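Structural overview for review
Now for the letters of each chain:
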Amino acid sequence: MMKPSFYAEIIQASPNPFVCFELIRDSNNKVIDGIYKDLNPAYECLVGMNKDTLLGKKVSEISESINLKTLQLLKASEKAKKNDKADYYFESKKQFYRIQIFSLEKEYTAISYTESTTEVLQKHVAQEDLKQTENQLSLILNSTEEAICGIDLNGRCTFLNLNCMKLLGIKEESEMVGQPIFNHLIKDSLSTEETTVKQDILNKLIGKQPCQSNEIYFIRMDGTLYPVEYFVKPKTSNGTLLGGILTFADMTKRKAEQAEINHLMFHDPLTDSFNHIKFEKLKVACDNEKSLPLSIIMGDVNGLRRINQHYGHYEGDQLLKAITTILRESIPKTGYIARYGEDEFSILLPNTDSSQVSWYIEKIQDAIREYNDQISKDQAAINLALGSETKCTMDYDIQKMINKAQDYMDKQKMLNRDSMRNILLTSIKTTLLARSKFTEEHAERLVNLSKSVGKKMKLSPCQMDELALLAELHDVGKIGIDDAILNKPGKLTDAEMDEMKKHSFIGYQIIKSIQGLADIALPILHHHERSDGKGYPDGLTRYDIPLLSRIISVVDSYDAMTQDRPYRKAMTQEEAIVEIKKNSGTQFDPEVVGFFLESIAEFLKE
């Protein structure tokens, strides 16, 4: 048997580096350091230090470039099996060494180094290149704005970049790798599509086709939804489908920008109500059976141009904002408010009948009065003309409904002192007063009494406005009658009476051409018709005569009988009432007479 000294001589003469350590352990019996006990000349050459310098020294006391790897090897030695091997690259030598660790006894470990072959070096270079490539790919993946992840054919995540982790709300890649990514993808909750995101993606992958989605939602780990769109590309190897690469683009900012664009496109920038473009779309959307009865309120700001000129455009803008606020607070949330024009508003009210609309209009007018009572003298007051109309069947064209509401609104403007159209009406009335015995007092009495009767008959707000205009303008045609006939103190001849009768037709011709007054043109034409058909100009009978004409006929006759005329003295109110009753059913509509008598009784009490 060979002596141990023989083996020692072989090790000392070996061209391969060899070193032996005494292990140092901590209180837990873990290796934490080692002491150099022996080494051969080849090891001296490897580390560039002589034997005397190293023997007895701790590894931790030696140069860091040497001790770092050596300490790792020592710590690994207690777990090493016999003849465990590993490759180690010495930077100073530019050489790979095959390392073999020997556990001699519990307290000693020996390490031998053998120069590696070119094959090992090439393997190392290839591994370094692969590592560098992976680092570059990782840098690219983590630098892109998109969230990227890989999936296998079961939809499990194989990798994900930093943005994908951020999108999901996770800190470690391991939290998602191996987990099904489809659990975090859903379509819009309002979508009517039957397929799921998983089905959409896997169907495309199976067909090996790229696939781009519309908007879907990413479910974060905390349960919140993130709007995204995705692009999926199949991942293959030698024609075999392995899975896919999913790329997600965050749609949050784009959705916010698009929402802002849509808001600006369909809203008035001053009042933030809908604009005319949106109103036209809403008009079409509401024109259906489900929205019936469908009502509309049209509003026009009286004197806005004058307010802008007198107070400045800022004050005019503030007024429009205040009107918008009043409208919003006065109608239900199911209604739609739009700034229809520079000084016009429109309100669409689905499932709202005419009585409800009247109530909303009253609410708006009450709010306007309250606003005007609270403002200072330096502020412009709100003066808003309102008109409404209701559509109860699909046969009624919605545009005709809107036009009708505008006509009613125009009548309101005629009655409003601050309206430009009222200036025209005032001019007509002034001419009428100058040409005939028609007085402002007579007009005021007719308006008040007519409105009292109309209220008893439960006329709509629009009909009440028409009735008030008719009371003032029913004799407007007398402008075209000769002064000699108009102001004759005695009884008219038959020829003169025929000429006088033309005033109803002349009035009809004048009024029908004026915007906002066309609806009272026929009542003006027929306000001298009789229930028995003996009136003029067309000899109409009771229900063929416009209702407003029938009301004015009674009221005007009563007022005429109770006022002095050049050819007769006035009757008492009691005498006039008897005369009205006497002619009920012949000259006058009996139903109207009944409501008139109720109204006049209240007037007499006052």
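Anything mentioned here points back to the structure above.
This structure is a prediction, so every number in the text was calculated from the model and none was measured.

1. Examining the pattern of salt bridges
- One pass over the full model with this rule turns up 16 salt bridges.
- With a closest N to O distance of 3.3 Å, Asp268 and Arg339 form a salt bridge. Highlighted residues: Asp268 in the loop between α8 (252-266) and α9 (276-286) and Arg339 in strand β14 (residues 336-339), separated in sequence by 71 residues. Accessibility classification places Asp268 together with Arg339 in one group, the buried group.
- Here Lys502 and Glu499 are joined by a salt bridge, their closest N and O atoms 3.2 Å apart.
- Lys502 sits in the partly exposed class, given a relative accessible area of 44%.
- Members of the salt-bridge network, linked through shared partners, are Arg542, Arg550 and Asp589.

2. Let's talk about the packing of aromatic side chains
- Within the structure shown, the criterion is met by eight aromatic pairs.
- Between Phe21 and Tyr36 the ring centres are 4.8 Å apart and the planes differ by 55°, which places this aromatic pair in the tilted class. Residue Phe21 is found in strand β1 (residues 18-25), and its partner Tyr36 is found in strand β2 (residues 31-39); the two are separated by 15 residues along the sequence. Comparing Phe21 with Tyr36, the two get one shared label, buried.
- Between Phe274 and Tyr336 the ring centres are 6.4 Å apart and the planes differ by 45°, which places this aromatic pair in the tilted class. Highlighted residues: Phe274 in the loop between α8 and α9 and Tyr336 in strand β14, separated in sequence by 62 residues.
- Linked through ring pairs, Phe21, Tyr36, Tyr43 and Tyr113 together constitute an aromatic cluster.
- In this structure, Lys278 packs its charged tip against the face of Phe266, placed 5.3 Å from the ring centre.

3. What about the nonpolar core?
- Counting 38 residues, the largest nonpolar core has Ile511, Ile551, Tyr558, Ile580 and Phe596 as its most contacted members.
- Secondary structure elements with two or more residues in this core: α15 (440-456), α16 (461-473), α19 (503-512), α20 (521-525), α21 (547-561), α22 (573-582) and α23 (590-605).
- With residues up to four places along the chain from it excluded, the contact list for Tyr558 reads Leu449, Gln573, Ala576, Ile577, Ile580, Phe596 and Ile600.

4. What about the packing of α15 against α16?
- Remark: α15 packs on α16, axes separated minimally by 9 Å, with the N-to-C direction vectors making an angle of 150°. With respect to each other, α15 and α16 are oriented roughly antiparallel. Regarding α15 and α16, the two cross each other, and that crossing is right-handed. Residues Leu446, Val447, Ser450, Lys451, Gly454 and Lys455 of α15 touch α16, and the partners they reach there are Met464, Leu467, Ala468, Ala471 and Glu472.
- Among the residues making up the contact of α15 with α16, the classes are represented as six nonpolar, two polar and three charged.

5. Notes on a nonpolar patch on the surface
- Residues Phe6, Tyr7 and Ile10 make up a contiguous nonpolar surface patch of roughly 290 Å² in combined accessible area.
- Its location among the elements puts Phe6 in helix α1 (residues 4-13).

6. Here we look at empty space enclosed by the protein
- Considering all chains together, one arrives at two cavities of 30 Å³ or more under this definition.
- The calculated volume of the largest cavity comes to roughly 50 Å³.
- What lines the largest cavity is simply Glu529, Arg530, Ser531, Ile545, Arg550, Ser553, Val554, Gln587, Phe588 and Asp589.
- A breakdown of the residues in the lining of the largest cavity according to their chemical character gives three nonpolar, three polar and four charged.
- Forming the walls of the second largest cavity are Ile297, Met298, Gly299, Leu327, Phe345, Ile347, Leu384 and Leu386.

7. Thoughts on the pairing of strand β10 (residues 216-219)
- Judged from the four bridges that link them, β10 and strand β11 (residues 225-237) form a sheet pairing that is antiparallel. Across the sheet, the residue bridging to Ile219 is Leu225, located in β11.

8. Focus on the environment of Gln563
- Relative to the helices and strands, Gln563 resides in the loop between α21 and α22.
- Along the primary structure Gln563 and Gln573 are separated by ten residues, whereas in three dimensions their C-alpha atoms are 9.8 Å apart.
- Leaving out residues up to four positions away in the same chain, Gln563 has contacts with Arg445, Arg568 and Ala570.

9. Details of the sheet that holds strand β13 (residues 294-301)
- Here we have four strands laid out as an open sheet, ordered β14-β15-β13-β16, and antiparallel in their pairing. Of all strands in the sheet, those bounded by a partner on one side alone are β14 and β16 (384-391). Looking at each pair of strands side by side, their axes are set apart by 15° on average, direction ignored.
- Of the pairings in the sheet, the one linking β13 to β16 comprises eight bridges and is antiparallel in character. Across the sheet, residue Met298 finds its bridge partner in β16, namely Gly387.
- Sitting on the sheet, α9 is in contact with β13, β14 and β15 (344-349), with an inclination near 25° to β15.

About the criteria used
Residues numbered from 1 in each chain as written. Predicted model: local features only at pLDDT ≥ 70, side-chain atom pairs only at ≥ 80, totals over all residues. Heavy atoms only, no water. Salt bridge = Lys/Arg side-chain N within 4 Å of Asp/Glu carboxyl O. Helix = DSSP H or I, 4+ residues; strand = E, 2+ residues; numbered from the N terminus. Buried < 20%, exposed > 50% of the residue type's maximum accessible area, 1.4 Å probe, protein only. Phe/Tyr/Trp six-rings, centres within 6.5 Å; stacked < 30°, edge-to-face > 60°. Lys NZ or Arg CZ within 6 Å of the ring centre and 35° of its normal. Core = buried A, V, L, I, M, F, W, Y, C linked by side-chain atoms within 4.5 Å. Contact = heavy atoms within 4.5 Å. Axes fitted to C-alpha atoms, helices over the stretch in contact; angles between N-to-C directions. Parallel < 35°, antiparallel > 145°, perpendicular 65-115°, else oblique. Left-handed = near helix turned anticlockwise from the far one by under 90°. Nonpolar A, V, L, I, M, F, W, Y, C, P; charged D, E, K, R; others polar. Patch = residues over 30% accessible without salt bridge, like charges linked within 9 Å, V, L, I, M, F, W, Y side chains within 5 Å. Areas by Shrake-Rupley, 256 points an atom, 1.4 Å probe, with all protein chains shown as cover. 1 Å grid on protein atoms, 1.4 Å probe; cavity = no way out; pocket = protein on both sides within 12 Å on 5 of 7 lines; lining within 4 Å. Points joined across faces, edges and corners; volume = space filled by probe spheres on them. Pairing = 2+ DSSP bridges.

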